[in-house]
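If you want the building blocks of each chain, they are given just below.
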Amino acid sequence: MRRSTGSFPEVWKVPPRNKNFTGREKLIESLRGGIVRSVTAVVPHALHGLGGVGKTQVAIEYAYRFRDDYDVVWWIPADQPGLVRSTLAQLAPKLGLPDPTTTGIEDAANSVLDALRQGEPYSRWLLIFDNADEPEDLADILPEGAGSVLITSRNHRWASVVDTVAVDVFPRSESVEFFEKRTRRAISPEDADRLAEALGDLPLALEQAAALQSETGMSAEEYLHLLSERTAQLLSEGKPSEYPLPMTAAWGLSVSELKDNLAEAMELLRCCAFFGPEPIPRSVFAPVEGPVRPVMAELLADPIRVSTVIRRLGKYALVRIESEAGKPTTLQVHRLIQALLREELDAATQEEIRSEVHSLLVGASPHEPTDPATWPRYAALLAHIGPSEVAQSRRDDVRDFAHEVLIYLNASGNYEALRIHLDVFLRIWSERFGESDLRVLRARRVQGDLLRGMGQYNEAYELNTATLETLRETVGVEHPDSLVLRNGIGADLRARGLFREAREHDTESVRLHRQVLGTDDVITLRAVNSLALDCGLTSDYQGARALLEEALRIGQSKASPTTVLNLWTGLGRAIRLCGFFGEACDIGEEALAYGREYLPVDHPRSLLAQKDLAIALHRYGETQDSLDLAEDTHARYVRLHGLDHPDTLAAAVCLSNAMRVNDRLEESFELARDTLRRYSHVYGPDHPYSYGCASNVALMHRVTGDPQMARDMNEQAYEGLERRLGPDHHYTLTVAVNLASDLAALGDLKAACTIGQESLSHLRRLLGQMHPTALAAAANLAADLKAVGQAEEARALFDDTIDRYRATLGLDHNDAKVAAEGRHLDCDFDPPPV
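Residues numbered from 1 in each chain as written. Predicted model: local features only at pLDDT ≥ 70, side-chain atom pairs only at ≥ 80, totals over all residues. Heavy atoms only, no water.

A. Here's a closer look at the sheet that holds strand S5 (residues 148-153). One open sheet holds the six strands; their spatial order is S1-S3-S4-S5-S2-S6, and the pairing between them is parallel. Looking at strand neighbours, the two that pair on one side only are strand S1 (11-13) and strand S6 (163-166), the edges of this open sheet. Across the sheet, the mean angle from the axis of one strand to that of its neighbour is 20°, orientation sign disregarded. Pairing geometry for strand S4 (residues 125-132) and S5, over five bridges, is parallel. In the sheet register, Leu127 faces S5, and the bridge partner there is Val149. Each of strand S2 (45-48), S5 and S6 is contacted by helix H1 (residues 25-37), which is oriented at about 160° to S2, the strand it contacts most. On the sheet, helix H2 (residues 55-65) packs against S1, S2, strand S3 (72-77), S4 and S5 and is oriented at approximately 160° with respect to S5. (Pairing = 2+ DSSP bridges. Helix = DSSP H or I, 4+ residues; strand = E, 2+ residues; numbered from the N terminus. Axes fitted to C-alpha atoms, helices over the stretch in contact; angles between N-to-C directions. Contact = heavy atoms within 4.5 Å.)

Following this line, the structure appears as structure tokens:
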């Protein structure tokens, strides 16, 4: 049902409408006609023109005037390409998609683009990219679909890329109309015409002139006289400028009046000139510890005077103030005015004010970059990092703030903005301070995290090891920065499939953490969790369990919910891998309930807990509950991260296995094959996880009637795992158990018995005689021994195995039933996180 005419769309984010908007009817009519004609696909339209001609105001007016035709209208500042995705990601929850604080900026932005393309839940949408520069900056962000895209830009190159409507200065009649609407006192058409002529009909200059006359009561005659003097002065100075002379002269008059009546307002305006052109949080203008000019320090110490100054600047049309219920107040200065303000200052003063802005940014920082609750505050500051030249500062507190921003970008998943800022910080800092500078090395660590997050595991490992070596030489192995980086290297090693090497590395890392930080430190607990992962990946499940039980006991009273849930989920996984399926389900259900209480349902840690519980339920025999949970988990991962993310792939393996035991063989087989192909692409074909996935596909070949293909694939998987992990690894032995079943299905019972006997011997030594995988190997071997006529040996092994099932899983468990019937048990693979 369509909403009532004049109401706002379901989703709306557009700056306030200019109540004095004048004219532009033909321009808006032309723009509207082009957009309406593009009914079958998105054809972006651009408003192109020089600075100050009113492109942004036209775009705002278009959005308000035609809002009845859209369900979604979203405004995206585009002058800093690295911030475009973060603004787009904020649209996610409005479309019923997970919040970017849950999924990360990149994934949230991609999910928004997919939703817009599909037209779900809204097909009538309008995205406005304001002040875009190069067309290439938006090449991968302009969505397809049935909606509309509007771009404003000063760059003429857009004309060769999209349908363009040129925005020029006002026609004279519209200039006169503007003055008649904007000035408080009556103005004659003749005076309005003379003012428009003198100001070149430039809308921004007209706004400056009208605001000054309205606030001061200055007559048109007096204003024209002063404007003539100011213009002559500018011409006599002979300064080259890229800005229109009428704009420069009009601005100069407003500033002169401001200096005479409220000098400190001029100082705050100058300060604003060194922020970015995007909205500045009002809250930054507060007392700070860093260096500020005395006049600003005195002003900031009096919040009432600050408010008075800001209101006065707004009345002079030198700043735009936005104050909306439930949202922080912001003020914004047009980029032309900012440039003119900076242009009149000498280099030393510019540097002084720029440092002052850095102090305000540092003072406004929440100083908790990994806490999702602070991310909106960091996002509001982010647009000012580049324009204020934070990277150029030599101050330690400013560089520490810059590092906070990098941590925030990484934690929030805004990888494109992170890459851009990392490149700038590292280039400038490396040249200025050298590669061994501690803050350069911290930035290198974040760069390694970025590479790992993008799946570039080898590059991450090489960078992190080099960075750690430099840290050792400069600050020593026991420095906190060295310790934090060590954890990242453990993850790099696991991602490369080097599980033994990761365990050796993390064993030393935990020793150092405990020695330097203590056993109870949260950073130490994270190192312990990393070592527990290594233990699991080297088949030492009891070791992993012991580490995690102790870490969880300590962490529950000290660590954040994300760390606690990570430890809790890991403990449930370790207990499952030890073979205690019922207990693993109990722990997993508690962990998932905790995650849902303290974190969003789509938070990565919550989803990991949900996936691990689905695996535990599968192992325990609750196959339908496992399938339901696995389907929900996989669907959420796909929506959050797409099909190729490692977490999505692990969820796909879990779902494929659950489908198989619920007799959905065709779907299981298709998903297993697709996942194997993707795993090989993400991790490489020689990664242990790729071989484990290949064994799952081989299993599907056998159960669907092609044991020869199963044998071929399992032989390759076994060879790869034996080479990468050794013959006594759980993964290698699991494939061996399945290979024996392939041989039995092909009638080669002698070979099946040989492999079965070797596998069972290894499994009992590795995991114990009561472990479910050892019992499966024993049950399969008993069936094969019976088939080759070794009845007495077969019977003894069968009876022993059934007794062990009775003492562990119980005779009602599906594994025990299959074993009792003399059929082969299948062993599948589920990859843990790295």
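Moving on from the coordinates now.
B. Broad picture of unusual backbone geometry. Residue Pro121 is bonded to the preceding Glu120 through a cis peptide linkage, with omega at 5°. Among the secondary structure elements, Pro121 is positioned in the loop between helix H5 (105-118) and S4. Even without being glycine, Glu389 reaches a positive phi, approximately 60°. You can see Glu389 is positioned in the loop between helix H16 (375-382) and helix H17 (396-412). Overall, the relative accessible area of 33% leaves Glu389 in the partly exposed class. Positive phi, close to 70°, is recorded for Ser539, a residue that is not glycine. With respect to the element layout, Ser539 can be found in the loop between helix H23 (522-537) and helix H24 (541-555). (Buried < 20%, exposed > 50% of the residue type's maximum accessible area, 1.4 Å probe, protein only.)

C. Structural detail: the packing of aromatic side chains. For the structure shown, the criterion picks out 19 aromatic pairs. Pairing Phe499 with Tyr689 gives two aromatic rings, centres 6.1 Å apart and planes at 45°, and the pair type is tilted. Taken together, the residues Phe499 in helix H22 (residues 499-516) and Tyr689 in helix H31 (residues 688-703) connect sequence positions 190 residues apart. You'll find Phe499 and Tyr689 in the same group, each marked buried. When the centroid spacing of 5.5 Å and the interplanar angle of 20° are considered together, the rings of Tyr679 and Tyr683 count as stacked. You can see Tyr679 and its partner Tyr683 sitting in helix H30 (residues 665-683), four residues apart, about one turn around the helix. Given a relative accessible area of 1%, Tyr679 falls into the buried group. (Phe/Tyr/Trp six-rings, centres within 6.5 Å; stacked < 30°, edge-to-face > 60°.)

D. Expanded view of helix H26 (residues 581-598). Here H26 contains 18 residues, and its C-alpha end-to-end distance of 26 Å stays within 8% of the 26 Å for a straight helix at 1.5 Å per residue. Elements that come into contact with the buried residues of H26 comprise helix H25 (561-577), helix H27 (604-620) and helix H35 (772-787). (Expected span 1.5 Å × (residues − 1).)

E. How the structure looks around the pattern of salt bridges. Applying the stated criterion across every chain, the model contains 70 salt bridges. Here Arg795 ties to Asp799 by a salt bridge, and the two come within 3.2 Å at their closest N and O atoms. Of the two residues, Arg795 and Asp799 are both situated in helix H36 (residues 791-807); the distance of four residues between them amounts to about one turn of the helix. What you see here is one network of salt bridges that share partners, running through Asp396, Asp400, Arg439, Arg442, Arg445 and Asp481. (Salt bridge = Lys/Arg side-chain N within 4 Å of Asp/Glu carboxyl O.)

F. Seen up close, the packing of H25 against H26. Contact pair H25 / H26: the axes reach a minimum separation of 8 Å and the direction vectors enclose 165°. The angle between H25 and H26 places the two elements in the roughly antiparallel class. Relative to H26, the crossing made by H25 is left-handed. Between H25 and H26, the contacting residues are Pro561, Val564, Leu565, Trp568, Thr569, Leu571, Gly572, Ile575 and Arg576 on the first element and Phe581, Glu583, Ala584, Ile587, Glu590, Ala591, Tyr594, Gly595 and Tyr598 on the second. Here the contact of H25 with H26 is composed, by residue class, of 12 nonpolar, three polar and three charged. (Parallel < 35°, antiparallel > 145°, perpendicular 65-115°, else oblique. Left-handed = near helix turned anticlockwise from the far one by under 90°. Nonpolar A, V, L, I, M, F, W, Y, C, P; charged D, E, K, R; others polar.)

In short, shape yes, function no, at least from these values alone.
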